[in-house]
Amino acid sequence: MAKSVSVLLLALLVISMIQTMVLANHGHGGHHLDGKGHGEGSVKSYQCPSQCSRRCGQTQYHKPCMFFCQKCCYKCLCVPPGYYGNKAVCPCYNNWKTKEGGPKCP
């Protein structure tokens, strides 16, 4: 009885470790390209204006948003999904800061 419980616990541990490795390798546990086409290198430079139009589409500060978004896109080749947030899918976009330490990319 004790031997079968030990084998069961070991099997559960192995399954858990495999699941963790699979999730990490498919971009769900890291900052790589995900299944929806986001992440560093997911945008070609000629796509930056249209991706930034999408990103800046609902802000009242459209002109500065477009300026900085395109600057960040050309450097990082990535624009996060949505109108706001979601920067974790693009570390370069997320980690580029102003001289004052604030976020450079919208």
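Here the structure is shown first, and the text comes after it.
Residues numbered from 1 in each chain as written. Predicted model: local features only at pLDDT ≥ 70, side-chain atom pairs only at ≥ 80, totals over all residues. Heavy atoms only, no water.

Draft legend 1. How the structure looks around the side chain of lysine 87. With respect to the helices and strands, lysine 87 occurs in the loop between helix H3 (62-76) and helix H4 (91-95). Excluding residues that lie within four positions of it along the chain, lysine 87 makes contacts with Arg55, Pro80, Tyr93, Asn94, Pro103, Cys105 and Pro106. (Helix = DSSP H or I, 4+ residues; strand = E, 2+ residues; numbered from the N terminus. Contact = heavy atoms within 4.5 Å.)

Draft legend 2. Quick peek at the packing of helix H2 (residues 48-55) against H3. At a minimum axis distance of 9 Å, the contact between H2 and H3 shows a crossing angle of 135 degrees. In terms of orientation, H2 and H3 fall into the oblique class. Along this stretch, H2 crosses H3, giving a crossing that reads as right-handed. Along its contact with H2, which presents Cys48, Pro49, Cys52, Ser53 and Arg55, the element H3 presents Met66, Cys69, Gln70, Cys73 and Tyr74. Of the residues assigned to the contact of H2 with H3, the class counts are 7 nonpolar, 2 polar and 1 charged. (Axes fitted to C-alpha atoms, helices over the stretch in contact; angles between N-to-C directions. Parallel < 35°, antiparallel > 145°, perpendicular 65-115°, else oblique. Left-handed = near helix turned anticlockwise from the far one by under 90°. Nonpolar A, V, L, I, M, F, W, Y, C, P; charged D, E, K, R; others polar.)

Draft legend 3. The arrangement of the state of the cysteines in detail. In this structure the tally under the stated criterion is 6 disulfides. At a sulfur-sulfur separation of 2.3 Å, the disulfide partner of cysteine 78 is cysteine 90. Taken together, the positions of cysteine 78 in the loop between H3 and H4 and cysteine 90 in the loop between H3 and H4 put the pair 12 residues apart, joining distant regions of the chain. (Disulfide = S-S within 2.5 Å.)

Draft legend 4. The arrangement of the packing of aromatic side chains in detail. Using the criterion set out here, one finds 1 aromatic pair in the structure. Each ring, one from phenylalanine 67 and one from phenylalanine 68, has its centre 5.0 Å from the other, and the planes form 85 degrees; the classification is edge-to-face. You can call phenylalanine 68 partly exposed: its relative accessible area is 31%. The ring of tryptophan 96 has lysine 75 sitting right over it, with the charged end atom 4.1 Å from the ring centre. Cation over ring: lysine 104 sits above tryptophan 96, and NZ or CZ is 5.4 Å from the ring centre. (Phe/Tyr/Trp six-rings, centres within 6.5 Å; stacked < 30°, edge-to-face > 60°. Buried < 20%, exposed > 50% of the residue type's maximum accessible area, 1.4 Å probe, protein only. Lys NZ or Arg CZ within 6 Å of the ring centre and 35° of its normal.)

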